[in-house]
Amino acid sequence: MGAPNRRKFLKGVAAIAAAPVLGSGLSLRSLAADPAIRPDYPGWQDLVRRGWTWDRRTRGAHLVGCTGGCPHWVYSRDGIVLRDEQSGDLPALPGLPDPNPRGCAKGSCAIDYMYGPYRLKHPLIRMGERGDGKWRRASWDEALQLIADRVVDAMVRHGPDSVSVFSPAPAVAPVSYAAGHRFAHLTGAHAHTFFDWYGDHAPGQTQTLGVQCDAAETSDWFNARLILLWGANPVQTRIPDSHYLTEAALNGTRVVTIAPDYSSSAAKSDQWLHPRPGTDAALALALAHVIVEERLFDAAFVAEQTDLPLLVRSDTRRFLREADLVEGGAEDRFFAHDQASGRPVAMRGCWADQPDTRAAPRHAYLGRDTLSFPEGTLALGDLRPALEGSFRVRTRDGGDVEVRPVLELLRRTLADHSPRKAARITGIPAATITALARELAATRPATIITGAGINHWFHSDVLFRALHLLMALTGNVGRHGGGVNHYVGQWKPVPSAGINALAFPRGVSRQRFCQTTIWTYLHAEARDGIEGMDIPRRLRDSLTSGQMPLYPRGGRSPKVFICYRGNYLNQTKSQGDVLRTLWPKLDLVVNINIRMDTTALYSDVVLPSAHWYEKTDLNFTEEHTWIHMTEPAIPPMYEARSDWRIFVDLAAKVEETARRRGVTTLHDDEFGWHRDLGRLHAEMTADGRLARDEDAAQFILDNAPETKGMTLDAIRRKGPQRVVSNWTSPMEEGVPYTPFRHFTHGRKPWPTLTGRQQFYIDHSLFLELSQELPAYRPPLDSDQFPLRFNTPHSRHAVHSTFKDNDLMLRLQRGGPVLEMAPADGRQRGLADNDWAELWNDHGRLICRVKLRPGEPAGRVTMHHAPELYQDLIQGGSQSVCPIRITPTHLVGDYGHLVFRPNYYGPGGSQRDVRVEVRRYTGPVPAGL
Amino acid sequence: MALAAARSRAYTLLAAATAYPDEALWETLADGRFAAALAESMAEATGEPAVVAAPAGSLAELQAEYVAAFDLGRGGPGRSLHEGDHRPAETRPDLLVELAAFYRCFGLGTQHCTAGLDHLSVALEFMHFLAFHEAGGAAGSAPYRHAQRDFVARHLADWVPAVAAAHGESGFHGSVLAAAARLVAADAGRYETEPAAPGGVGAAG
Amino acid sequence: MTSSTRHRQMAFVIDLNKCIGCQGCTIACKRLWTTAPGLEAAYWMNVETVPGRGYPRDWAGRGGGFDKGRPKPGREPTPEEYGIPFEFDYSARLFSGKRDRGRPRAAADWAPNWEEDQGAGAYPNTYFFYLPRMCNHCDRPACAEACEAGAIRKRPEDGLVLLDPDRCDGSRACVAACPYAKTFFDAAKAKAHKCHGCFPRLEAGLAPACVAQCTGRAMHVGFLDDGAASVHKLVRQWGVALPLMDGFGTGPNVFYIPPFIGPAVEGPDGTAGAAARIPDNYLASLFGPDVRTALRVLRAERRKRGRGEPSELMDLLIGRDARALLGHLQPHPSR
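Residues numbered from 1 in each chain as written. Chains lettered and ligands numbered in written order. Predicted model: local features only at pLDDT ≥ 70, side-chain atom pairs only at ≥ 80, totals over all residues. Heavy atoms only, no water.

Q: Give me the lowdown on the pattern of salt bridges, citing residues and values where you can.
A: All names here are of chain A. All told, the structure shown has 105 salt bridges over all chains when counted by the stated rule. One salt bridge in this structure joins glutamate 656 and arginine 660, with 3.9 Å as the shortest N-O distance. Here glutamate 656 and its partner arginine 660 are both found in helix H23 (residues 643-661), four residues apart, which amounts to about one turn of the helix. With a relative accessible area of 38%, glutamate 656 lands in the partly exposed category. The shortest N-O distance in the salt bridge between glutamate 855 and arginine 852 comes to 3.4 Å. Among the residues examined, arginine 852 registers a relative accessible area of 4% and is labelled buried. (Salt bridge = Lys/Arg side-chain N within 4 Å of Asp/Glu carboxyl O. Helix = DSSP H or I, 4+ residues; strand = E, 2+ residues; numbered from the N terminus. Buried < 20%, exposed > 50% of the residue type's maximum accessible area, 1.4 Å probe, protein only.)

Q: Lay out the sheet that holds strand S15 (residues 391-394) of chain A with the relevant residues and their values.
A: Residue and element names in this part refer to chain A. The strand order S12-S16-S15 describes an open sheet built from three strands, whose pairing is antiparallel. With one partner strand each, in any of the chains shown, strand S12 (311-313) and S15 form the two edges of the open sheet. Across the sheet, the mean angle separating the axes of adjacent strands is 45° when strand polarity is ignored. As paired elements, S15 and strand S16 (residues 400-405) share four bridges and run antiparallel to each other. Pairing of phenylalanine 391 across the sheet is with valine 403, part of S16. Relative to S16, helix H12 (residues 406-415) is tilted by about 70°, and along the sheet it contacts S12 and S16. (Pairing = 2+ DSSP bridges. Axes fitted to C-alpha atoms, helices over the stretch in contact; angles between N-to-C directions. Contact = heavy atoms within 4.5 Å.)

Q: So what's going on with the interface of chain A and chain C? Which residues, and what values?
A: A common way to report how large an interface is uses the accessible area buried once the components associate. On the chain C side, the residues contacting the 101 residues of chain A number 87 residues. The interface formed by chain A and chain C includes eight salt bridges. Notably, a salt bridge pairs C:Arg201 with A:Glu85, separated by 3.5 Å at the nearest N-O pair. Counting every contact that joins chain A to chain C gives 39 residue pairs in polar contact (both at pLDDT 80 or more). (Polar contact = N/O pair within 3.5 Å; in protein donor to acceptor, adjacent residues only side chain to side chain.)

Q: Pulling in residues and values, what's your account of the packing of helix H9 (residues 280-293) of chain A against helix H14 (residues 430-442) of chain A?
A: Residue and element names in this part refer to chain A. Put simply, H9 and H14 touch, their axes get as near as 9 Å, and they point 65° apart. Here H9 and H14 pass one another in a crossing that is right-handed. Packed against H9, whose contacting residues are Leu283, Ala286, Leu287, Val290 and Ile291, the element H14 presents Ile433, Thr434, Leu436, Ala437, Arg438, Leu440 and Ala441 at the interface. Within the contact of H9 with H14, the residues separate by chemical class into 10 nonpolar, one polar and one charged. (Left-handed = near helix turned anticlockwise from the far one by under 90°. Nonpolar A, V, L, I, M, F, W, Y, C, P; charged D, E, K, R; others polar.)

Q: Please provide a residue-by-residue account of the sheet that holds strand S17 (residues 446-450) of chain A, values included.
A: Residue and element names in this part refer to chain A. Sheet architecture is open: five strands sit in the order S11-S10-S9-S17-S18, paired in parallel fashion. Two strands bound the open sheet, and with one partner strand each, they are strand S11 (271-273) and strand S18 (483-486). Taken over all neighbouring pairs, the strand axes of this sheet differ in orientation by 20° on average, direction set aside. Here S17 pairs with S18 via four bridges, running parallel. The residue of S18 that forms the bridge with isoleucine 449 is asparagine 485. In this fold H9 packs onto strand S9 (226-230) and strand S10 (254-258), with an angle of close to 155° to the strand it touches most, S9. Along the sheet face, H14 touches S9, S10, S11 and S17 and points at about 130° away from the line of S9.

Q: Tell me what's going on with the nonpolar core, and back it up with residues and numbers.
A: Counting 422 residues, the largest nonpolar core has A:Trp230 and C:Phe287 as its most contacted members. Ranked by residues supplied to this core, first place goes to H9(A) with 11 residues. Not counting the four nearest positions on each side in its chain, A:Trp230 is found in contact with A:Ile258, A:Asp280, A:Leu283, A:Ala284, A:Leu287, A:Ile448, A:Ile449, A:Thr450, A:Gly451, A:Ile454, A:Leu467 and A:Leu470. Residues A:Leu787, A:Phe789, A:Cys847 and A:Met862 belong to the second largest nonpolar core, which totals 19 residues. (Core = buried A, V, L, I, M, F, W, Y, C linked by side-chain atoms within 4.5 Å.)

Here it is as structure tokens:
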């Protein structure tokens, strides 16, 4: 249809919409008549006979918090989406198994969110209490006006930073993500981190590597000769990737699962080690003990790539610094003892060596931008750094102090982590530990595949440092088929520069990012039940010294909360405190959603968003390196609009409201920014250049080196396109992406304080807590209850998405279950499928029990985050999980340990929850 | 022809009354014109007038009542005004394809149908359209009549009486649904006694 | 059917080492063929955790098939054995102000995947694996022999066992006769129905949906007499793909690579022993006595790859090119 026709057509529709109710003529409201078409009715059989044929095939992606990144075809006819299927056009890499077909059963249920009963059709305004589920329908104009009024009120009365915008995971839908963040950016609202908050970020990896996170694409698993699945269950939680695991096994690779339960992945492994929950670091350090004691480590790799040769002063336990030796010397230049010259030598690539060409914070995922260093910076040349021994140096004030290489100190720490001791802690025989250590040292490449299973421990950072230590000692870092590969969360928006340019047009440093864990903990006044760690004081110190951020500033409360593309309330830890304390502080809760989820249910205004098959967006993942897209198979159904359009429309409404009230100019002291709300809509759309979703998507591609030269049209026509560059390694033709090769092979400094993989952290807090080196810390015993509570990801849902899908629920038990060891059940008089009550000091839930022989006694498991309206009698998994803040995660004043959104900050601790379970004998309400 | 015209009027009134209540509807409700028009057209179409309960309160209250009763989702077992909500969710695309095909055969576009293709008010509006053209008479009315017969048998008769029964006759919407169910039942009964359509009516028309 | 017609057999091989129990095949099949109202409880393809009671519950103990060549009486599964499909009414909670939770309307006490990941054995020596089950398109289909209406036939060109709904008289004899419980009854239409091998797809040169959409890449399909097809090589040449419960006497054409990778039994001191965790006897009860040889061959070939030596068998199972699993068929529509 040409443009003039379309205009005429729309005009006709407008006339029809005004048709009178009582007119005696033809009166159409929903249907639009085209008088030019003569009726052609062949009988219903012919209508149906056309059956499953389609007239349109479009590209589709599932824009949920899933790392799959599975390209699909969407088949539609007459403006109705019929079905979808994996597109099957991901290119295979030579010699590696085919990546196709990529996509799981959940993806096949994507269209249920278009046509199912949970779909949001119209803007809604709450009628009853929050959570009652009583609504009235509103026009877009009314709903947006209501929001705009409250936003302007809050900005004027409480300051722009009293408005809060939450939306996670840019990688899965960067245009949608950027929409609300850009709105927050231009209005001065604060925005939220998510990677840390959800417990996906591994602080121990950032502590060691100075990188937010990076992992190999999963086809690289096939290259490994030994795979340790450490607290990871990819068979259930990385469904489209797990064929690389089974195929590696068929290819002769040995697979070892380390997990307390006999999981689906354990069943696919050659060996299953089941440490007691939370004791993994004892096992990891015992492996390191054997490798170091028996001198099985790769000395050349360790000397060049790690801080193990760096000298530490015995008197202060701090690194020997240039400032210790010479007047005016740098605080952040470090030394090794050169056996060739017999003298301490400054090692290259330290923080102090940062060249003048220090790059802009373009690489927000790096502790500092060391990629601008020349290749070979770390090469040792003739240096022969000592890895052991004790030396004396003369300090600039005339002192004579003992210094020792980190490895020497590590050896002492490891002495306390022998296999025998680890056997007592973990329950794994010492001989088994020793054998595995020797195998690990002798097999290359070897990889550790890990994830949330162990990353949600309070002391997960120690554990991750230990895992990195194992891979560094064995020289498996930066090697295809090797390394620590941590796959949790959709954390890798590969073309981050493009997304940042769209979401934060004046720079990410001018985006008010709060750290969501701290934000929730403080505004919800969460009770963590921890005694003796001095956490409130440490948190206060971290905030007042500016190490970690908090918004709104000055002890004020947030007033307006806009949440979209995330089920904040359902997923939050300390859920009871959030509902009781944080929620009442909010004057307005807005949710933008395709479906009525728990957060929407407890909101004041709910706006219907376009489904994934009704809009244009891009899709990225860390699990493979191909970019793909989704595009409208049909226009948004009902009154839904794309997220991008919703925020553009909201910007227009806020601008109009601000003009009407004469408050268009706002001076923003924090950034020295004169905000002109009179230009909000123009800025939101870049004067119309970014008016449409497609414009925004292309803008991302155009503004990132990883996607240089790519067009939406090419992705649409040719299929998924491989990124041309990547975060920490070059992209190589025909070879899977393995991270950190700029450092290991290009020999550029690591982005840490020392320029090396850093196992020794001489920050005062780490020293105070005796965590300068990784050392085992047992799980918390703050909850005085007998059973550990384990809340892993589920096979049949992506967090809360698909939890409510009928087809998925019919392949489960119809609702959430609590898995428990038969012995634990028997002891409590619980039979399979009985109702049970689970509680601790933080909350309570009531759900059905499934007795599973593979579950260890002393632990119960519930797949995390069922919706609060699902088949439990009370509560949800997050009812009993408090927010707990690990002190070391609060450090923000040490080289590479600084707050940057989603780079470093307090994260998950929900593995450290303990509960009790008993038979539930109360009434069981009938279904609705 | 007189019957078709009456049915056409009854269907358009019921379509308006089963859509989300708006100002235009409210005006005719407030002054009693709607009730009178529906009573008259239903009497002509089914031999029995319809009694519509006058809504109490304001338009806003009627709107809230509409949402709570059945506008969104299934609104309680069997109460939704979306045909697709009365079948398994995964079969909705089939249904929508068929409905769109029905509409398209008569040149009716659905681009601006924000209620959803399978909403009762849209289906009733479609019947209004078909009956209107049937009433227009002439030789070309056969496809309109046959489509009404099929559409009632395959769709409306299948679920509208059940929804009306689930909702009960009380209140404005209850009485409107009861009337819709009665009109659909009357149509279905009449079509049953009609001979089947000859094949290829479209080509003939 | 004339004697000159070439009888061919389409066969399936499912590698239980690669099956990850994701239910992708279950849903691919379900959405394509059994979504009509009244078919909620029917799964032409299902994946069950074994050891377990399966779907429908205790399907293997209902009789059917043949005993010494003579039809053995069978019993139709009850609705409870299939599991009453869960229905939910979330909308009442979400949109209409009802306070209660969305829970299944009927009592939830059985479903097609009810025993997921439960298995057998006491911790730590627990074991389980996933068993996808579909119509076996048998050489001697018990369902066809039981059907007096002649509605079920095995067609010669690909050996698929097809049910003609127009001829079906609703006697349900086929439902009782199939020892694998893979014929179903649609009470609404009073007709039986079953897996038809996705013949509309096959006729368009496409692999069946369960195979095409298997993201674990665990399924092979092809003609058993096609020397180039992986099914031929695995069943006929290597003899490592075995039918399920051949003792029913129907001659199944779905074959399984038995699970041969897995942790060993653990001794009381916590160290791993030599014995496989899944008892050989249990595998033999599913796949017959030949499973012992198959396991030996599979383990030996894998060890070769461990030593860096070539193994055609492991390459077949890995199937680097997705098309290598599909015989002559294509995975997806080209347009």
